[in-house]
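Topology and contacts: notes
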Amino acid sequence: MNSREAQGQTEAQTGAEIRQAASTMAADRPTAAQWKAMGKQFSFQDQSVFYIDLGAGSATLAIHGYPTSSWDFRLIAEKLGQRSRFVALDLPGFGYSGKSDQASYTIVRQADAVSALAAHLGVNRVRLIGSDIGVAVVQELMSRERAQALPYEIESVVLINGSLFADQFKPSASQTALLSPLGGLVNRRASEEAVMSGLIQITGPERRIPESEFLEVWKLLNHPGESRLLHKTLPTVAERKESEPRWTEALCESTMPLMLVVGLSDPTAGKDMVTATEARCKGSRRFQSLQLDRAGHFPHLEYAEETAQGILAWSEGGY
């Protein structure tokens, strides 16, 4: 083999390695478009609901927060899906799911959507993961199971950076405006810069979320085009207060395995998740805790490997 042939072979090998690396990177960090291509739709109360369904075996069902979507779980989906079945949905009014200004987007209705998806998939046992407002959705489902009003069994629960109690939820100035009678106007005037700035402010000091991915959140908010419902999909303080007795009872009195995954650098729902739960439950239950000092509001994005491994190592939770 002459030097030119050798050089050509080396370049071909290098090109193949680059393509392989790019392919691996895409699999590890799927774009929103790739995520959409992986998904499916089902109908819930005349609205389409988007979800992804990976792997096989016992099911984990993940519920995202506000104002994002199931794409939040993009970095842990494959890892959890390699162990068992991993399902994540876009709650109605979010992401690639239907957005209707006439629909209700209470936590109770979002819990209905999750149960409808479980029925659609034919599962009778699930492990739940909730992040941000997904935490409240999980608490509603836990309350229903406690009241024997859930048609499936919850095996275990993982709660990621969310307000577990009504007095922990302190709306920002923009959220207060969205919840006011002028919320529709505030929603229409919301800017990409304001939304992105708000999300960046609640990430940790070693933020690992590329800005380009934050920009995708704005596109998903508006999918399929200027259809965002920031004022409709933000749960009200009144609903949280009304539901808190049931939710707190379910949290503290349930015997199912429970893990708190907490980004301690989150200014909205960090260390308070642990201290408030310990105080309110007063030792009435035991829970596992994974605390990440430098993570902010999105530990499953900022420290995806640590979050995924922490969940998968949690044998009590059925992983």
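A brief structural summary. (Residues numbered from 1 in each chain as written. Predicted model: local features only at pLDDT ≥ 70, side-chain atom pairs only at ≥ 80, totals over all residues. Heavy atoms only, no water.)

Considered as a void within the structure, the largest pocket measures approximately 850 Å³ in volume. For the largest pocket, the lining is made up of 33 residues, of which Tyr66, Ser172, Ser174, Gln175 and Ile202 are closest to its centre. Among the elements of the structure, α6 (173-178) and α8 (192-201) are those that each provide at least two residues to the lining of the largest pocket. With 5 residues, the top contributor of residues to the lining of the largest pocket is α8. Taken together, the residues that form the lining of the largest pocket break down as 17 nonpolar, 11 polar and 5 charged. (1 Å grid on protein atoms, 1.4 Å probe; cavity = no way out; pocket = protein on both sides within 12 Å on 5 of 7 lines; lining within 4 Å. Points joined across faces, edges and corners; volume = space filled by probe spheres on them. Helix = DSSP H or I, 4+ residues; strand = E, 2+ residues; numbered from the N terminus. Nonpolar A, V, L, I, M, F, W, Y, C, P; charged D, E, K, R; others polar.)

What follows deals with the sheet that holds strand β7 (residues 258-263). Strand order across the open sheet formed by 8 strands is β1-β2-β4-β3-β5-β6-β7-β8, with mixed pairing between neighbours. In this open sheet, the two edge strands, each paired with only one partner strand, are β1 (40-44) and β8 (288-292). Strand-to-strand twist of the sheet, defined as the mean angle between neighbouring strand axes without regard to direction, takes the value 20°. Two strands pair when backbone bridges link them, and β7 and β8 are joined in this way by 5 bridges, in the parallel orientation. Counterpart to Leu260 in the pairing with β8 is Ser289. (Pairing = 2+ DSSP bridges. Axes fitted to C-alpha atoms, helices over the stretch in contact; angles between N-to-C directions.)

Enumeration over the complete set of coordinates arrives at 1 disulfide. Sulfur-sulfur distance for the disulfide between Cys252 and Cys281 comes to 2.1 Å. Disulfide Cys252-Cys281: torsion about the S-S bond near -75°, hence left-handed. Of this pair, Cys252 sits in helix α11 (residues 237-253) while Cys281 sits in helix α12 (residues 271-281), and the two are 29 residues apart along the sequence. Accessibility expressed as a relative area gives 5% for Cys252, which makes it buried. For Cys281, a relative accessible area of 5% gives the class buried. (Disulfide = S-S within 2.5 Å. Buried < 20%, exposed > 50% of the residue type's maximum accessible area, 1.4 Å probe, protein only.)

The next subject is the packing of helix α3 (residues 74-83) against helix α14 (residues 304-312). Across the interface, α3 lies against α14 with an axial gap of 9 Å and an inter-helix angle of 25°. Considering their axes alone, α3 and α14 lie roughly parallel with respect to each other. Classified by chirality, the crossing of α14 by α3 is right-handed. Where α3 approaches α14, its residues Leu75, Ile76, Lys79, Leu80 and Arg83 are matched on the opposing element by Ala304, Glu305, Ala308, Ile311 and Leu312. Residues that form the contact of α3 with α14 fall into these classes: 7 nonpolar, no polar and 3 charged. (Parallel < 35°, antiparallel > 145°, perpendicular 65-115°, else oblique. Left-handed = near helix turned anticlockwise from the far one by under 90°. Contact = heavy atoms within 4.5 Å.)

Working note: regular strand, side chains alternate between the two faces of the sheet. Burial analysis of strand β3 (residues 59-63) places 5 of its 5 residues in the buried class, the great majority of the element. Burial along β3 is two-sided: Ala59, Leu61 and Ile63 facing one way and Thr60 and Ala62 facing the other are all buried. Bridge count for β3 against strand β4 (residues 85-89) is 5 bridges, and the pairing is parallel. From the neighbouring strand, Leu61 faces β4, where its bridge partner is Val87. A crossover connection joins β3 to the parallel β4 through α3; in handedness this β-α-β unit is right-handed. Judged from the 5 bridges that link them, β3 and strand β5 (residues 125-131) form a sheet pairing that is parallel. Bridge pairing in β5 links Ala62 to Ile129. (Right-handed = clockwise from strand over helix to strand, strands pointing away.)

Another aspect to go through is helix α5 (residues 133-146). If you check α5, its first and last C-alpha atoms are 20 Å apart, about what 14 residues at 1.5 Å a residue would give, namely 20 Å. Within α5 the residues assigned to the buried category are Ile133, Gly134, Val135, Ala136, Val137, Val138, Gln139, Glu140, Leu141, Met142, Ser143 and Arg144. At its buried positions, α5 is contacted by β3, α4 (107-121), β5, β6 (153-160), α10 (230-233) and α11. One or two steps after α5, the chain reaches Gln148, where phi turns positive at roughly 55°. (Expected span 1.5 Å × (residues − 1).)

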